[in-house]
Amino acid sequence: MEPGDLQKIYQNLRQEADKVLVGLEEPFEMLVVALFIGGHVLLEGVPGTAKTLMAKTLAHLIQAQFTRIQFTPDLMPSDILGTSVFDMNAGQFYLKKGPIFSQILLADEINRAPAKTQSALLEAMEERQINLEGEAYPLEPPFMVIATQNPIEYEGTYPLPEAQLDRFLFKVLVPYSPLPVEVEVLRRFHQGFDPHRLAEAGLRALLPASAVVAAREVINQVIVEDGILEYIARLAETSRRSPDLVLGASTRAATGVLLASKSYAALQGRNYVVPDDVKMVTPAVFRHRLLLKPEAEIEGLDADAIVQRLFAQVEVPR
């Protein structure tokens with residue numbers, strides 16, 4: 001497999017996804033970029049903006065096992081990971097696996113559960129395994145967590161701790177659709193589209209989940225020159241010195257930009273990274289890792305505005 005093949009695969013995925021997703025090209029592209037490098041994605045948007053539908057569509061396209069967990073205040077870690085159950089007939093304990101034993105896991109409204117339950121995902125997201133009763137259980141690749149949260153409603157929510165946020169490669173914003181897009185959505189529903197029956201909408205499975213692992217080998221071979229590496233490092237380092245920030249981008253964030261840039265370049269059919277690839281993925285990698293000072297928020301700044309300032313301050317390599 002070559003980058004050109006990966007570009008064709010992505011084009012086919014996007015064309016097929018268009019059968020059920022309308023006006024969500026950029027968020028879906030970020031999902032695919034993250035999928036091909038084993039990253040996790042936090043989708044933020046108000047209810048009813050097709051966040052769950054995007055996750056289900058991606059899982060359907062790659063024939064991956066899909067599980068959805070509705071996070072609630074009374075959700076316990078064992079409800080996610082599973083628990084040991086005693087078998088009376090066999091006279092021994094066995095693991096009753098929880099919903100985390102999936103390939104694409106949708107953590108719906110993740111900030112509805114307390115920190116103890118949110119942290120149950122930490123090891124799985126980082127190590128691709130969980131430990132129960134002193135025994136390690138690997139998760140089937142390509143394991144990916146897609147979490148959603150509502151940016152408007154804060155009552156009854158538990159903000160994700162920094163350690164949890166840092167496990168997500170991307171934070172992708174899912175806004176309301178423009179008027180022409182919303183009209184097209186209404187037209188499709190009027191014609192009988194049912195988001196719960198994707199196969200009936202004509203959505204086909206295009207490749208096995210095992211092909212995603214093979215695609216990662218192609219992305220590993222994408223060329224990154226020293227100038228690009230320094231550019232990424234300078235963006236992260238400059239963020240740490242920003243007068244608008246309490247907390248800048250971590251080394252994990254810089255690594256995320258590197259991997260995401262390689263994946264994005266491969267999806268464009270190139271075997272090398274250019275500065276525009278870095279600029280394309282950096283906002284999604286940085287926005288949930290930057291902690292703004294109160295005075296910056298009073299000025300109306302947000303993380304994306306800070307990232308644009310970083311782009312203006314750091315010289316682009318030739």
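Here we summarise the structure given alongside this text. (Residues numbered from 1 in each chain as written. Predicted model: local features only at pLDDT ≥ 70, side-chain atom pairs only at ≥ 80, totals over all residues. Heavy atoms only, no water.)

Turning our attention to the overall build of the protein. When you go through the protein residue by residue, the secondary structure sums to 14 helices and eleven strands. The C-alpha atoms of the protein give a radius of gyration of 20 Å, which matches the 20 Å a tight globule of 318 residues would have. In terms of principal-axis extent, the alpha carbons of the protein reach across some 70 × 45 × 40 Å. The buried share among the 318 residues of the protein stands at 49%. (Helix = DSSP H or I, 4+ residues; strand = E, 2+ residues; numbered from the N terminus. Rg over C-alpha atoms; globule rule 2.2 N^0.38 Å. Buried < 20%, exposed > 50% of the residue type's maximum accessible area, 1.4 Å probe, protein only.)

By secondary structure assignment, the location of Phe193 is in the loop between helix H8 (179-190) and helix H9 (209-220). Overall, Phe193 belongs to the buried group, its relative accessible area being 16%. As a C-alpha pair, Phe193 and Lys19 span 174 residues in sequence and 9.9 Å in three-dimensional space. When neighbours within four sequence positions are excluded, Phe193 is seen to be in contact with Val20, Leu53, Arg188 and Ala201. (Contact = heavy atoms within 4.5 Å.)

All right, on to the packing of helix H12 (residues 275-286) against helix H14 (residues 303-313) then. Between H12 and H14, the shortest axis-to-axis distance is 9 Å and the interhelical angle comes to 140°. Between H12 and H14, the angle is such that the two are oblique. Read as a crossing pair, H12 and H14 show a hand that is right-handed. Taking contact as the criterion, the partners of Lys279, Thr282, Pro283 and Phe286 in H12 are, on H14, Asp304, Val307, Leu310 and Phe311. Classifying every residue of the contact of H12 with H14 by side-chain character gives five nonpolar, one polar and two charged. (Axes fitted to C-alpha atoms, helices over the stretch in contact; angles between N-to-C directions. Parallel < 35°, antiparallel > 145°, perpendicular 65-115°, else oblique. Left-handed = near helix turned anticlockwise from the far one by under 90°. Nonpolar A, V, L, I, M, F, W, Y, C, P; charged D, E, K, R; others polar.)

This part takes up the pairing of strand S6 (residues 129-132). Side chains of S6 alternate between two faces, with Ile130 and Leu132 buried and Gln129 and Asn131 left unburied. The pairing of S6 with strand S7 (residues 135-138) spans four bridges and is classified as antiparallel. Bridge pairing in S7 places Gln129 opposite Pro138. In sequence, S6 turns back onto S7 through a hairpin of two residues, with Glu133 there showing a positive phi of about 55°. (Pairing = 2+ DSSP bridges.)

Another point: the pairing of strand S4 (residues 92-97). In this structure, strand S3 (residues 82-87) lies alongside S4, joined through six bridges in antiparallel fashion. The partner of Gly82 across the bridge, within S4, is Lys97. In sequence, S3 turns back onto S4 through a hairpin of four residues, with Gly91 there showing a positive phi of about 70°.

At 3.6 residues per turn, the α-helix brings residues three or four places apart onto the same side. For H14, the set of buried residues is Ala303, Ile306, Val307, Leu310 and Phe311. Along H14, the residues classed as buried sweep out an arc of 150° about the axis, all on the same side. Close packing links the buried residues of H14 with helix H10 (226-240), strand S10 (245-247), H12 and strand S11 (291-292). (Arc of directions from axis to C-beta.)

Function cannot be read off these values alone, since they describe shape.
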